[in-house]
Amino acid sequence: MNEYEQMALAELITWKKKVAKKSGRFERMSKKAQTKVNGYIPDRVHKMITDSIKAMIETVLSGSKYMSKEKNVMLLSFQQKEEWVAETVATYRKTAILEGVGTGAAGLLIGLADFPLLLSIKMKLLFEISRLYGFDPNKYEERLFILHIFQMAFSSEEKRLATLKVIEEWGTTDVPEIDWQEFQQEYRDHIDVIKLFQLVPGLGAAVGAYANHQLLEQLGETAVNCYRVRLLKE
């Protein structure tokens, strides 16, 4: 293991500790407040999110919409792959920020469009990262891995720990299927409140930019470390 890989392994260990760390009092109180606020979110917003997530899962599993362009990474070192991944995350993060500003500034009706648009950006990013690390998202099991990364990034503490275990055992046990009902509810619980504020006139653009930046940053970090689990183990 070279110096860069040792550094990456150290970062991976730190990330795992962060994932395993129990939520503090503030996070638990926020969760209770979030549950209450969810009751005030319009039904059409809930339906938009649910339908978007369900369609996204079905599309990913069928493998048609998110296929990225072929990239020849076979001759790249692990460090070079990660440098390319970092550049790709930065590009998609900028796209998400611009999308959040645009839909957030446009008001309620256009703001609702942010949910499926942002989902598409996130999934395209994950497919790109998969290819850059040398995996083939044309394969069904790799698309399942992508969905587990997504679930790892946007779920409750308990679900994150369970998903991390699945990722650590990937390739040694049967690949678990995705429960889309649980999947979409975990995602909704994670983003509902901040996205609700994106629909508020006067706040939408600023909230949309900040939220999308944070969500893409979180997804990128999670994806990198999930692939490190597989590659550094090898």
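## What about the overall build of the chain?
What the chain contains, in helices and strands, is ten helices and zero strands. What you see in the chain, going N to C, is helices and strands ordered as α-α-α-α-α-α-α-α-α-α. A buried classification covers 46% of the 234 residues belonging to the chain. Here the analysis covers contacts within the chain between residues at least 6 apart in sequence; of these, 81% occur between residues at least 24 apart.

## Notes on the pattern of salt bridges
The tally for this structure, following the rule as stated, stands at eight salt bridges. Between E11 and R228 there is a salt bridge; the shortest N-O distance is 2.9 Å. Of this pair, E11 sits in helix 1 (residues 3–20) while R228 is found in helix 10 (residues 204–233), placing the two residues 217 residues apart along the sequence. Ionic pairing is found between E82 and R228, a salt bridge with its closest N-O pair at 2.8 Å. Of this pair, E82 sits in helix 4 (residues 78–105) while R228 sits in helix 10, and the two are 146 residues apart along the sequence. The pair E82 / R228 is uniform in exposure class, with both members buried.

## Here we look at the packing of aromatic side chains
Following the criterion strictly, the structure yields ten aromatic pairs and no others. These aromatic residues form a ring-pair network of at least three members: Y4, F78, Y133, F135, F145, W170 and Y227. Of note, K122 hangs over the ring of F154, and the distance from its end group to the ring centre comes to 4.3 Å. Looking at R230, its charged tip hangs above the ring of F145, at a distance of 4.4 Å from the centre.

## Some thoughts on helix 7 (residues 140–153)
With 14 residues, helix 7 should cover 20 Å at 1.5 Å per step; its first-to-last C-alpha distance of 20 Å lies within 8% of that length. Counting buried positions over the 14 residues of helix 7 gives twelve, a clear majority of the element. Along helix 7, the positions that sit buried rather than exposed are E142, R143, L144, F145, I146, L147, H148, I149, F150, Q151, M152 and A153.

## Some points on the nonpolar core
By size, the foremost hydrophobic cluster in this structure holds 52 residues, and its most contacted members are M56, M123, Y133 and F150. Residue assignment for this core shows that the elements contributing at least two residues are helix 1, helix 3 (43–62), helix 4, helix 6 (114–132), helix 7, helix 8 (157–168), helix 9 (180–198) and helix 10. Among the elements that line this core, the one with the most residues is helix 10, at ten residues. The contact partners of F150, leaving out residues within four places of it in the chain, are M56, L119, K122, M123, L126, F183, Y187 and L219.

Cut-offs applied
- Residues numbered from 1 in each chain as written.
- Predicted model: local features only at pLDDT ≥ 70, side-chain atom pairs only at ≥ 80, totals over all residues.
- Heavy atoms only, no water.
- Helix = DSSP H or I, 4+ residues; strand = E, 2+ residues; numbered from the N terminus.
- Buried < 20%, exposed > 50% of the residue type's maximum accessible area, 1.4 Å probe, protein only.
- Contact = heavy atoms within 4.5 Å.
- Salt bridge = Lys/Arg side-chain N within 4 Å of Asp/Glu carboxyl O.
- Phe/Tyr/Trp six-rings, centres within 6.5 Å; stacked < 30°, edge-to-face > 60°.
- Lys NZ or Arg CZ within 6 Å of the ring centre and 35° of its normal.
- Expected span 1.5 Å × (residues − 1).
- Core = buried A, V, L, I, M, F, W, Y, C linked by side-chain atoms within 4.5 Å.

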